[in-house]
Amino acid sequence: MRLSDAPKGAQAVVQNVTDAHPADPIAQRLRDLGFVAGEPVRLVARGPLGGDPLLIQIGSTRFALRKTEAARVEVTVEGAA
């Protein structure tokens, strides 16, 4: 599942960050910020009407990401079959 599609409040674990194109600087920046395989994340909130931005938490750090940025992050939601 993409992080952008996770339900609000969901606890998840990062599986992968996908490059949208070769040498994708946004995907690399996400990896540099800690979006790496095995890292637990949580979707804290969504913008108005379910839109941008998404408030994502890794550890004690929170990030505001656009949906297009969060869509690069593949996660497994805890408790999902």
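Attention in this report is confined to the structure presented alongside it. (Residues numbered from 1 in each chain as written. Predicted model: local features only at pLDDT ≥ 70, side-chain atom pairs only at ≥ 80, totals over all residues. Heavy atoms only, no water.)

1. Brief notes about the packing of aromatic side chains
- The full count for this structure, using the stated rule, is one aromatic pair.
- Each ring, one from phenylalanine 35 and one from phenylalanine 63, has its centre 5.6 Å from the other, and the planes form 55 degrees; the classification is tilted. Here phenylalanine 63 lies in strand 4 (residues 61-65) and phenylalanine 35 lies in the loop between helix 1 (25-33) and strand 2 (40-46), a separation of 28 residues in the sequence. One exposure class covers both phenylalanine 35 and phenylalanine 63, and it is buried. (Phe/Tyr/Trp six-rings, centres within 6.5 Å; stacked < 30°, edge-to-face > 60°. Helix = DSSP H or I, 4+ residues; strand = E, 2+ residues; numbered from the N terminus. Buried < 20%, exposed > 50% of the residue type's maximum accessible area, 1.4 Å probe, protein only.)

2. Regarding the pattern of salt bridges
- Counting across every chain of the model gives four salt bridges.
- Across the pair glutamate 74 and arginine 2 runs a salt bridge whose closest N-O atoms are separated by 4.0 Å. Residue glutamate 74 is located in strand 5 (residues 73-77), and its partner arginine 2 is located in the segment before strand 1 (11-17); the two are separated by 72 residues in the primary sequence.
- Owing to a relative accessible area of 26%, glutamate 74 belongs among the partly exposed residues under this scheme. (Salt bridge = Lys/Arg side-chain N within 4 Å of Asp/Glu carboxyl O.)

3. Here's the deal with the sheet that holds strand 4
- Ordered in space as 4-3-2-1-5, the five strands form an open sheet in which the pairing is antiparallel. Here the strands that pair on one side only, and so sit at the sheet edges, are strand 4 and strand 5. Sheet twist, expressed as the mean angle between neighbouring strand axes with direction ignored, is 40 degrees.
- Relative to strand 4, strand 3 (residues 54-58) is paired through five bridges, and the arrangement is antiparallel. (Pairing = 2+ DSSP bridges. Axes fitted to C-alpha atoms, helices over the stretch in contact; angles between N-to-C directions.)

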